[in-house]
Amino acid sequence: MRFRADAESVSRQIDERIAFGVRPPEPLRIVEAFEIPGAVGTSLRPVRVRASDGAFYAVKGAWRSSALYGDDPTTIARRRHNPRRSLIADRVVSLLGAQIVAPVVRPSLAQLTERERSVFPCLNHFDEGQLHATPWLDGVVEHRQFSKINLTRQHRQMARLALLYSWLKCGDRQVLVHATTGAVTSVDHGQFFGNANWTAQ
């Protein structure tokens with residue numbers, strides 16, 4: 001079976017959802033923004049924000065072209081890497097993971113305007129428009145190897161993650177484990193479909 005993902009078919013699906021009374025949620029407004037320690041040198045450089053619903057999120061977005069000039073290794077790597085593909089993968093994997101009840105973060109959208117960029121310099125590297133937003137999780141520890149996670153209480157969730165990771169060709173496992181409850185949550189799905197520079201083939 002082949003799936004069409006061109007603009008016409010996507011637009012038609014949106015029109016059908018609206019016709020049946022299913023409207024996409026309005027993007028969140030950014031109220032505050034904070035630099036994430038250790039994220040400045042990463043390829044997508046996420047930012048922690050407080051949104052209009054009162055909750056905290058990690059947001060990512062396409063980089064402004066002016067932010068991609070420079071000769072340092074990080075900037076060169078960003079020019080080679082297509083952040084839009086990573087953002088698409090992150091959203092698609094999260095949504096598909098939810099369909100099989102895998103413990104993945106649920107994505108939202110946050111609106112970035114020139115006003116927020118002028119008030120919060122840590123958002124200056126993003127293009128204006130909609131940002132990819134995922135809930136900010138406190139009290140967690142990151143694990144990249146399943147073997148280091150206690151599976152006694154989380155074996156079903158980890159089994160679903162193993163299915164998701166093999167199904168969608170995970171290239172970078174990032175699982176957050178809550179320090180108290182042991183609950184697991186998969187995050188940062190930009191390296192799926194083989195790698196961050198996947199193609200339609």
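See the structure printed just above.
This structure is a prediction, so every number in the text was calculated from the model and none was measured.

A. Summary view of the overall build of the protein. Summing up its helical and strand segments, the protein has five helices and eight strands in all. Reading the helices (α) and strands (β) of the protein from amino to carboxyl end gives α-β-β-β-α-α-β-α-β-β-α-β-β. Burial analysis of the protein (201 residues in total) assigns 37% to the buried set. Long-range pairs, those at least 24 residues apart, make up 62% of the contacts in the protein between residues at least 6 apart in sequence. Accessible surface, the protein as shown: approximately 12,200 Å² in total, 54% of it carbon and sulfur.

B. Local environment of the pairing of strand β4 (residues 108-112). Two elements, strand β1 (residues 28-35) and β4, share two bridges in a ladder whose sense is parallel. Considered in β4, the bridge of Arg29 is made with Gln111.

C. The environment of Pro103, seen in detail. Inspection of the secondary structure assignment puts Pro103 in the loop between α3 (83-99) and β4. Judged by its relative accessible area of 13%, Pro103 is buried. In this structure, the C-alpha to C-alpha distance between Pro103 and Met158, residues 55 residues apart in sequence, is 8.2 Å. Discounting residues that sit within four places of it in the chain, Pro103 has contacts with Gln157, Leu161, Val184, Thr185 and Ser186.

D. Fine view of the nonpolar core. Judged by nonpolar contacts, the single largest core of 16 residues is most densely connected at Ile30, Val47, Val49, Val59 and Leu123. Val47 has contacts with Ala33, Phe34, Ile36, Tyr57, Ala58, Val59, Cys122, Leu123, His125 and Phe126, leaving out every residue within four places of it along the chain. Counting twelve residues, the second-largest nonpolar core is a separate cluster that includes Val93, Val104, Val184 and Phe192.

Each value, and the rule that gives it
- Residues numbered from 1 in each chain as written.
- Predicted model: local features only at pLDDT ≥ 70, side-chain atom pairs only at ≥ 80, totals over all residues.
- Heavy atoms only, no water.
- Helix = DSSP H or I, 4+ residues; strand = E, 2+ residues; numbered from the N terminus.
- Buried < 20%, exposed > 50% of the residue type's maximum accessible area, 1.4 Å probe, protein only.
- Contact = heavy atoms within 4.5 Å.
- Areas by Shrake-Rupley, 256 points an atom, 1.4 Å probe, with all protein chains shown as cover.
- Pairing = 2+ DSSP bridges.
- Core = buried A, V, L, I, M, F, W, Y, C linked by side-chain atoms within 4.5 Å.

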